[in-house]
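Analysis of the macromolecular model
So the chains spell out like this:
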Amino acid sequence: MNLIFLGPPGAGKGTHAQRLMNELGIPQISTGDALRQAVKNGTELGKAAKAYMEAGDLVPDELVIGIVEERLKADDCRKGYILDGFPRTVKQAEALSGFADIDVALNLSLADEVIIKRLSGRRVCLKCGGTYHVSTLNGREDCANCGEKLVQRKDDSPETIQNRLNVYAVQTAPLIDYYQQKGLLKTVECQPEATVEENYQRVREALGIA
Ligand code: ADP
Ligand code: ZN
């Protein structure tokens, strides 16, 4: 199954994509994680992407399209993959259609006020991509999955969160119509009061996983 996860920042794309990766044995491909790694390693890509990311703006299409095109050529993508955070513009979606056959675009939706709460308390692991919220960490500072020290992303500051929501509304939300018109869209309304497990079950149902 070749999947795209659409949705605003903080809707749970990364969290559910990781669970699905473990359950289906197909890779989660996160352009955000790839870019953060590049910034951390100080590569040319990282240097080019850093300022955009810190401001909460999108990195130019040319920089991300190449990452994904290369990644999808790897052997582990043959049984399927989950694109998490790509495409994010209509131009990226059009480029993707030239080198990938998408089965489902899953749209995770969530109200803005919930997003702001989630992102401002978010802590991440830069090593394995794990995501946590301070409210459930009980003071723990390392990743339960790999032991790396957790950090707060620079773009999870209040001003930047607002910009990311605007960027999402203007540049990414049009993809909902784009994939609707192609007949590939499925939507899951995330329930902020529900547990991650409960929301994940809704994702599975939408994808028709028994
Ligand atoms: P979130 O979904 O939490 O906003 P991501 O980890 O997916 O975060 O992305 C973080 C940042 O990386 C984005 O704000 C943007 O600057 C950059 N980025 C990630 N994916 C893309 C993409 N497909 N196109 C352009 N920029 C991207
Ligand atoms: Zn980790």
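Below: a short report on this structure. (Residues numbered from 1 in each chain as written. Chains lettered and ligands numbered in written order. Predicted model: local features only at pLDDT ≥ 70, side-chain atom pairs only at ≥ 80, totals over all residues. Heavy atoms only, no water.)

The number of helices and strands found in the protein chain is 10 helices and seven strands. Against the compact-globule benchmark of 17 Å for 210 residues, the protein chain has a radius of gyration of 16 Å, which places it among compact chains. By principal-axis analysis of the C-alpha atoms, the protein chain measures approximately 45 × 40 × 35 Å. Looking at the protein chain as a whole, 45% of its 210 residues are labelled buried. Taking the intrachain contacts of the protein chain between residues at least 6 apart in sequence as the baseline, contacts between residues at least 24 apart amount to 69%. Summed over its atoms, the accessible surface of the protein chain is roughly 10600 Å², and 50% of this surface lies on carbon and sulfur atoms. (Helix = DSSP H or I, 4+ residues; strand = E, 2+ residues; numbered from the N terminus. Rg over C-alpha atoms; globule rule 2.2 N^0.38 Å. Buried < 20%, exposed > 50% of the residue type's maximum accessible area, 1.4 Å probe, protein only. Contact = heavy atoms within 4.5 Å. Areas by Shrake-Rupley, 256 points an atom, 1.4 Å probe, with all protein chains shown as cover.)

So, on to unusual backbone geometry. Of note, the bond from phenylalanine 86 into proline 87 is cis; its omega dihedral lies within 30 degrees of zero at -5 degrees. Secondary-structure assignment places proline 87 in the loop between β3 (81-84) and α5 (90-97). Within the chain, asparagine 138 stands out as a residue other than glycine whose phi angle is a positive 50 degrees. Within the fold, asparagine 138 resides in the loop between α7 (134-137) and α8 (158-172).

In a beta sheet, neighbouring strands are held together by backbone hydrogen bonds and run either parallel or antiparallel to one another. Reading across from one edge, β2-β3-β1-β4-β7 is the order of the five strands in this open sheet, with parallel pairing throughout. Sheet topology places β2 (28-30) and β7 (185-189) at the edges, where each strand pairs with a single neighbour. Strand-to-strand, the axes of this sheet are offset by a mean angle of 20 degrees, without reference to chain direction. Note that strand β1 (residues 2-6) and β3 share four bridges and pair parallel. Directly across from asparagine 2, in β3, lies its bridge partner tyrosine 81. Taken strand by strand, helix α9 (residues 174-181) contacts β1, β4 (104-109) and β7, and its axis lies near 145 degrees from that of β1. (Pairing = 2+ DSSP bridges. Axes fitted to C-alpha atoms, helices over the stretch in contact; angles between N-to-C directions.)

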